[in-house]
Amino acid sequence: MYGKYKNVETVKPGGLELKDRLVGVQRVTKVTKGGRAFGFSAIVVVGDENGVVGHGLGKSKEVATAIAKAVEDAKKNLVRIPLNKGTLPHEQKGKFGGARVYIQPASHGTGVIAGGAVRAVLEAVGVQDVLSKSQGSSNPHNVVKATFDALLQLRDARTVAKQRGISLDKVYNG
């Protein structure tokens, strides 16, 4: 699922204390010859608030089962995100479909400045201080995936040093 990203560490859900956050529930209608058939789709983000996060989509005739399915789906694609003292290692842009998301590290005490779907993802990751802007489409499905796109491109200083073959001190001081 995350094939286009380098050095993405997938995580198994066993032994993690995951909290799920409901991003949105949509009522969908299918028109048949017997009338309208209603169903629900739910998008959920799960995370341990310590760098591990996943998202999932569930569909069902009832809201509760749609949410349960979404949580199960989210637990199947957990990834580890590099964090740096409660914030991000660097700023990053992400996009998916028509949604574009910009996330930026912030100083201690700033809090999570993000709206809707972006906030749910960042809180599930465990980021305490971050600035963000969501542009383009506000469709929660695409905003969540755009936020994941940005998060999966993040690299901590150690990874950067290893990829460039230089010392950690040189990454910071040039």
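What counts as what
Residues numbered from 1 in each chain as written. Predicted model: local features only at pLDDT ≥ 70, side-chain atom pairs only at ≥ 80, totals over all residues. Heavy atoms only, no water. Helix = DSSP H or I, 4+ residues; strand = E, 2+ residues; numbered from the N terminus. Buried < 20%, exposed > 50% of the residue type's maximum accessible area, 1.4 Å probe, protein only. Domains from an automatic or database assignment. Contact = heavy atoms within 4.5 Å. Buried area = accessible area lost by both parts, 1.4 Å probe. Salt bridge = Lys/Arg side-chain N within 4 Å of Asp/Glu carboxyl O. Pairing = 2+ DSSP bridges. UniProt positions renumbered as here; feature names shortened; annotations may be inferred.

*Asks:* Just checking my understanding: could you explain the overall build of the protein for this structure?
*Replies:* Regarding its fold elements, the protein presents 5 helices and 9 strands. Traced from its N-terminal end to its C-terminal end, the protein shows the element sequence β-β-β-β-α-β-β-β-β-α-β-α-α-α. When the backbone C-alpha atoms are referred to their principal axes, the protein occupies close to 70 × 35 × 30 Å. The proportion of buried residues among the 174 residues of the protein is 40%.

*Asks:* Whenever I open this one, the domain arrangement of the protein confuses me. Can you help?
*Replies:* Interfaces are often sized by the accessible area lost when the parts come together. In terms of domains, the protein is made up of domain 1 (9-79) and domain 2 (83-164). A straight line from the C-alpha centre of domain 1 to that of domain 2 covers 20 Å. Across the boundary between the two partners, domain 1 contributes 18 residues, which contact 14 residues of domain 2. Of the roughly 1300 Å² buried where domain 1 meets domain 2, counting both sides, 77% is carbon and sulfur surface. At the junction of domain 1 and domain 2, the tally comes to 1 salt bridge. A salt bridge links Arg21 to Glu123; the nearest nitrogen and oxygen atoms lie 3.2 Å apart.

*Asks:* Even after reading the chapter, I still don't get the pairing of strand β2 (residues 19-32), so can you show me in this structure?
*Replies:* Moving residue by residue along a regular strand, the side chains alternate between the two faces of the sheet. Pairing geometry for β2 and strand β3 (residues 35-47), over 13 bridges, is antiparallel. Looking at the pairing, Gln26 lines up with Ser41 of β3. The turn joining β2 and β3, which pair antiparallel and follow one another in sequence, is formed by 2 residues.

*Asks:* Is there a simple way to think about the UniProt feature "domain: S5 DRBM" (unreviewed entry) in the protein in this case?
*Replies:* Following the UniProt record, one finds the feature "domain: S5 DRBM" (unreviewed entry) at residues 18-81. Measuring from the first to the last C-alpha atom of residues 18-81 gives 15 Å, for a span that is 22% helix and 61% strand.

*Asks:* Help me understand unusual backbone geometry in this model?
*Replies:* Generally, phi is negative for residues other than glycine and the peptide bonds are trans, each holding for most cases. For Glu49, which is not a glycine, the phi torsion comes out positive at approximately 60 degrees. Mapped onto the secondary structure, Glu49 falls in the loop between β3 and β4 (52-60). Judged by its relative accessible area of 30%, Glu49 falls in the partly exposed class. Even without glycine at this site, Lys85 takes up a positive phi of about 50 degrees. By secondary structure assignment, the location of Lys85 is in the loop between β5 (78-80) and β6 (92-96). Lys85 gets classed as exposed once you look at its relative accessible area, which sits at 81%.

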